[in-house]
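The chain contents come next:
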Amino acid sequence: MPKETAMKKVREEVSQRIKDGLTVVVLGASGDLAKKKTFPALFSLYKDDFLPKATEIVGYARSDLDEKEYHKRVQSHLEVDEEGLEKKADEFIKICNYVQGKYDDDESFKKLDKYITESEDKRGLKGEQRNRLFYMALPPSVYVQVSEGLSKFVRSKEATTSLVIEKPFGKDTESAIELVNGIKKLFKEEEVYRIDHYLGKELAKNIMNVRFANMIFNPLWSNQYIDTIQITLKEPFGCEGRGGYFDEYGVIRDVIQNHLLQLFALIAMERPIRRDSEAIRDEKVKVLRCVKPVTLDDCLLGQYTKNGDKPGYTEDETVADDSLTATFCALVLKVENERWDGVPFIIKNGKAMDNSKAEIRIQFKKVPGSLFRDSPRNELVFRVQPGEAIYMKFNNKVPGFSVDSMITELDLTYKSRYDNLKIPAAYEILLLDALRGDHSNFVRDDELVAAWEIFTPLLHQIESEKIKPEPYPYGSRGPEKLDGFLKKYGVERLEHENYQWPKQNLEG
């Protein structure tokens, strides 16, 4: 489908649902998340004409900001490098207004409702056009409190109400259930959108198409042919500037339990019976419930240390000198079902690593028999970032006089394959999904609880027994024990003398 046709179809879906009327309320509008992610995503939707003409974006926070200061914050991270976008940005700023208020005060929420109602009147919005979307760019500690104020005083009385919540959704199973139940009393599940921005990334959204729209993959997608699957997120920076926040959560809660587990679910789940959101989320829940809770034996923890001028984790002023918080973790998920029995899913995440990478690496079993006994294993790789790509490593005869094999790829690198490539940011995609009422890429309540049940026993053991993470230098691949840990589960590093990616030199 041509790009413009696809965009037109989505615009029609949005228009049909919200009847060309919308108020977006960004709670926590003075914070970093709103400034760096939420407002730029809303601007992208605005410039591509996905927002109705009668839209207003209301920032709400405790900070005492005048209009000039608020608009300066909104503008600070808008991308206006294309021709004509500065004018669009000026137009966008005019629909952004600010209301100051507290998060625990009925009168503040009544004031917010009064402002929105008067704005809807001025914009000429009628009953079913008075749609309200609340985006919580707030600390999790106030989610239920703010939800209560919104539900009592600010929800739409005649049209749709949508509540978008940012992770983390709790710290363990118990707190997640408490959060789910607290919000469930105030909003229906179909009104709630728990946002995990990894589900908005292009390669994550493509996994289902690759798996279920291609006959060639389905027969191979099981323990009969697959040996190991690695899901990796490497970050080349440390926790400088946010050590206080990170120290409270650690690497498993910060990324593995949500972002990487969502990628796992897309790779491991069974084929949904339909393409609608509930059918997709049903299959995610089913596969998560098949995963054994992770044990300490199947886990390697690390914490980065000083390397040259790069500071160690505990050198952060907001982190205690004796902190045992892990900044690196490799752990293994074991799925107890017919498809995946015996296949280790190795999940890795680390800060202060040697490079930036997010990928899914599916390593197939060795070729049976003796004809090509020493041939490296095939691999299918989804590179989520940087530079979206899907490629398959396979063995090929060396071109020319040789009869030897060499590794090469079937390569789909997006920038090489597609002209005029523009991949929308994850937040833009997910906010658009919320406007369409599409829950496919948002976390359902039972899915959230099933996810926490996999990690909660491990997290409690790490904390109660004060497990000390292995040190690793800032800018390295991780702890020294990593290669041994991976080898224990059958992972082979395909490093061969003549292998080069993406092009190979046949001389020499």
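- As annotated in an unreviewed UniProt entry, the chain is Glucose-6-phosphate 1-dehydrogenase from Rhizopus delemar.
- Of the comments in the UniProt record for the chain, the one headed Sequence similarities (unreviewed entry) reads "Belongs to the glucose-6-phosphate dehydrogenase family."
- What UniProt states about the chain under its Pathway (unreviewed entry) heading is, verbatim, "Carbohydrate degradation; pentose phosphate pathway; D-ribulose 5-phosphate from D-glucose 6-phosphate (oxidative stage): step 1/3."

### So, the overall build of the chain
Move 1: Helix and strand content of the chain: 14 helices and 16 strands.
Move 2: Taken against the 2.2 N^0.38 rule, which gives 23 Å for 508 residues, the C-alpha radius of gyration of the chain at 24 Å falls within 12% of a compact globule.
Move 3: In terms of overall dimensions, the chain has C-alpha extents of about 80 × 55 × 45 Å along its principal axes.
Move 4: Within the chain, buried positions represent 54% of all 508 residues.
Move 5: Considering only intrachain contacts with a sequence separation of at least 6, the fraction spanning at least 24 residues in the chain is 77%.
Move 6: Of the side-chain charges in the chain, 78 are positive and 86 negative, and the distance between the mean point of each set is 2 Å.

### Focus: the UniProt feature "domain: Glucose-6-phosphate dehydrogenase C-terminal" (unreviewed entry) in the chain
Move 1: UniProt's entry tags residues 208–490 with the feature "domain: Glucose-6-phosphate dehydrogenase C-terminal" (unreviewed entry), counted in the numbering of this structure.
Move 2: With 30% helix and 24% strand, the stretch residues 208–490 has end C-alpha atoms that lie 26 Å from each other.

### Considering the domain arrangement of the chain
Move 1: According to the domain assignment, the chain consists of domain 1 (1–166) and domain 2 (199–381 + 443–489).
Move 2: Using only C-alpha atoms to locate each centre, domain 1 and domain 2 end up separated by 34 Å.

### So, the pattern of salt bridges
Two side chains bearing opposite charge may form a pair once their charged atoms approach each other closely.
Move 1: According to the stated counting rule, one finds 42 salt bridges in the structure shown.
Move 2: One salt bridge in this structure joins K47 and D48, with 3.9 Å as the shortest N-O distance.
Move 3: What makes K47 buried here is its relative accessible area of 16%.
Move 4: In this structure D48 comes out as buried when scored by relative accessible area, which is 17%.
Move 5: With a shortest N-O distance of 3.9 Å, D254 and K351 are connected by a salt bridge. Of the two residues, D254 sits in helix α9 (residues 243–268) while K351 sits in the loop between β10 (344–350) and β11 (357–364), which places them 97 residues apart along the sequence. Take D254 and K351: they sit in the same class, and that class is buried.
Move 6: Via salt bridges that share partners, D113, E120, D121, R130, R132 and K157 belong to a single interconnected network.

### A word on the pairing of strand β2 (residues 55–61)
Move 1: With seven of its seven residues buried, β2 lies for the most part within the structure.
Move 2: Taking every second residue as pointing to the same face, both faces of β2 are buried, with T55, I57, G59 and A61 on one and E56, V58 and Y60 on the other.
Move 3: With six bridges joining them, strand β1 (residues 22–27) and β2 adopt parallel strand pairing. Each bridged residue has a counterpart across the sheet, and for L22 the counterpart in β2 is T55.
Move 4: Each parallel crossover has a hand, and the one from β1 via helix α2 (residues 32–47) to β2 is right-handed.
Move 5: As judged from the five bridges shared by β2 and strand β3 (residues 96–100), these two strands associate in the parallel manner. What sits directly across from A61, in β3, is Q100.

Each value, and the rule that gives it
Residues numbered from 1 in each chain as written. Predicted model: local features only at pLDDT ≥ 70, side-chain atom pairs only at ≥ 80, totals over all residues. Heavy atoms only, no water. UniProt positions renumbered as here; feature names shortened; annotations may be inferred. Helix = DSSP H or I, 4+ residues; strand = E, 2+ residues; numbered from the N terminus. Rg over C-alpha atoms; globule rule 2.2 N^0.38 Å. Buried < 20%, exposed > 50% of the residue type's maximum accessible area, 1.4 Å probe, protein only. Contact = heavy atoms within 4.5 Å. Lys, Arg positive; Asp, Glu negative; His and termini not counted. Charge placed at Lys NZ, Arg CZ, Asp CG, Glu CD. Domains from an automatic or database assignment. Salt bridge = Lys/Arg side-chain N within 4 Å of Asp/Glu carboxyl O. Pairing = 2+ DSSP bridges. Right-handed = clockwise from strand over helix to strand, strands pointing away.

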